[in-house]
Amino acid sequence: MHALCARELHLRAPCPTADTDSQTKTCKIARVKRKKIFKEINAHKKKKNEEKLIRDMELMKKQEQGVDGEGEDGMVTRGRCYTISIALPGSILDNAQSLELRAYLGGQVARAAAIFNVDEIVIFDEGSQQNQDKSQFKGLLSAGRGNTQLFHILQYLECPQYLRKDFFPFHRDLSHAGLLNPLDMPHHLREFDWCQYREGVTLAKTTKDKTPVSFAKIGLRQDVLLDMEVPAGQRVTVKLKPSKGGKYLKGEVVAPSEPREKSGLYWGYTCRLASSISDVFDSCPHEGGYDLLVGTSDKGTDSNSVEFPSFRHAIIVFGGLKGLESSIEMDDKLTDKNPTELFPYYLNVCPNQGSRTIRTEEAILIAMTSLTPKLTSAAINSSA
């Protein structure tokens, strides 16, 4: 039996079945007190949620009027047009001895990316396997097994919790993903959190008059009516419109990059697979490619003495169990195997290290801690 305080024991104890007036009166008083306590608790919660909703709506109005808002810490918010990407081999999972440890390792990579506002994670194959199917959700493949599992874990953790059942069926790759630490990124919103933007999934739902429209589930009690038709089952970024009455909550489908570019919100990361380290750059989603390439190795130049030029899209590449040099050596597309020719900035982010080796998940944290201030100061934060 759980220990209860005297007050709780008095309130929760069943009423005696005696017929005396005093005992009946005691039961009624206990019920009234219990109802009063619960009512006070609910009223306090409702008041806090309403106050937060009012603050968030005022911030949204300022952003719509073109005025910089203020975050919870009082800092002025503005858009961010530059992007930061990281690349690493999926073979780092092969160093783990069990599915639990493999999942935990993937969770460490995801946490590091979220902490440092990484916009893209590229998983490349050290074995340069050209025939790997990037589009199919096949899980533990005999070739590129670590690549696919890491890809799935990163995608799962980036997705808001209220959308995971819609996009991720049960799969062996994700059997232990539910035990991992949450990323708790800005787009992982609770029901009572208010934000101008929300992630959602389109629904196979229509209005009563059968008007050709689309609805989306965005983690609120009420689904949102979209401004355009979208096939059911698609993930969309929705910008909520100011409420002007009416039957439905309304929203506008926008690009996933808009929260970052217009409001300065970190809106998670994208993932993609690359068949080799050279494919990391050849398949760059940005027009003109990456304009700042950084490689990391214990054989590189001390990062403390380096200053970066202006850039819009930067990528930092990490090696696997045998280092970045081994990944370059195994790429058949590269004729020049010299890392300094491939990377204008080939850096050692942890000089005078006390351990013979630094694991990739550790290297990501060390490198981003060291390089983030330099990257922020060199970035071009305009869309021109």
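This text goes with the structure placed above it.
Fair warning: this is a prediction, and the values are worked out from it, not measured in the lab. Residue positions are counted from 1 within each chain, in the order its sequence is given. Since the coordinates come from a predicted model, pLDDT governs what is reported: local features require at least 70, and pairs of side-chain atoms require 80 or more to be given and counted, while whole-chain, interface and lining totals use all residues. Based on all heavy atoms of the structure, the side-chain values leave hydrogens and waters out of the count.

Visitor: Please give an account of the pattern of salt bridges that cites residues and values.
Guide: Side chains that differ in sign of charge can pair as their charged atoms come close. By definition, a salt bridge exists where a carboxyl oxygen of Asp or Glu is found within 4 Å of a side-chain nitrogen of Lys or Arg. Applying the stated criterion across every chain, the model contains 13 salt bridges. Salt-bridge contacts for Asp119 lead to Arg260; the nearest nitrogen and oxygen are separated by 3.9 Å. Of this pair, Asp119 sits in the loop between α3 (99–115) and β2 (120–124) while Arg260 sits in helix α6 (residues 258–263), and the two are 141 residues apart along the sequence. Categorising residues by exposure relies on relative accessible area from a 1.4 Å probe, with only protein chains included: less than 20% of the type maximum marks a residue as buried, more than 50% marks it as exposed, and the intermediate range marks it as partly exposed. Looking at Asp119, the relative accessible area reads 11%, which means it is buried. Taking the shortest distance from any N to any O, the salt bridge between Arg272 and Glu120 comes out at 2.7 Å. Residue Arg272 is located in strand β8 (residues 270–274), and its partner Glu120 is located in strand β2; the two are separated by 152 residues in the primary sequence. Each of the two residues, Arg272 as well as Glu120, counts as buried. Where salt bridges share partners, they join Arg80, Asp119, Arg260 and Glu261 into one cluster. In DSSP terms, a helix is any run of H or I states spanning at least four residues, a strand is any run of E spanning at least two, and both are numbered starting from the N terminus.

Visitor: Please give an account of helix α4 (residues 145–158) that cites residues and values.
Guide: One less than the number of residues in a helix, times 1.5 Å, gives the span that helix is expected to have. With 14 residues, α4 extends 20 Å from end C-alpha to end C-alpha; this agrees with the ideal 20 Å at 1.5 Å per step. Within α4, 12 of the 14 residues are buried, leaving the element largely enclosed by the surrounding structure. Along α4, the residues classified as buried are Gly146, Asn147, Thr148, Gln149, Leu150, Phe151, His152, Ile153, Leu154, Tyr156, Leu157 and Glu158.

Visitor: Quick rundown of helix α10 (residues 360–378)? Include the residues and the values.
Guide: Taking 1.5 Å per residue, 19 residues should reach 27 Å; α10 reaches 25 Å between its end C-alpha atoms and fits that length. Bend at a given residue is defined as the angle between two axes, one fitted to the seven residues that end at that position and one fitted to the seven that begin there. By the largest-angle criterion, Leu371 marks the main kink of α10, which is about 45°, and a proline, Pro373, follows within four residues. Taken as a whole, α10 has its buried residues at Thr360, Glu361, Ala363, Ile364, Ala367, Met368, Ser370, Leu371, Lys374, Leu375 and Ala378.

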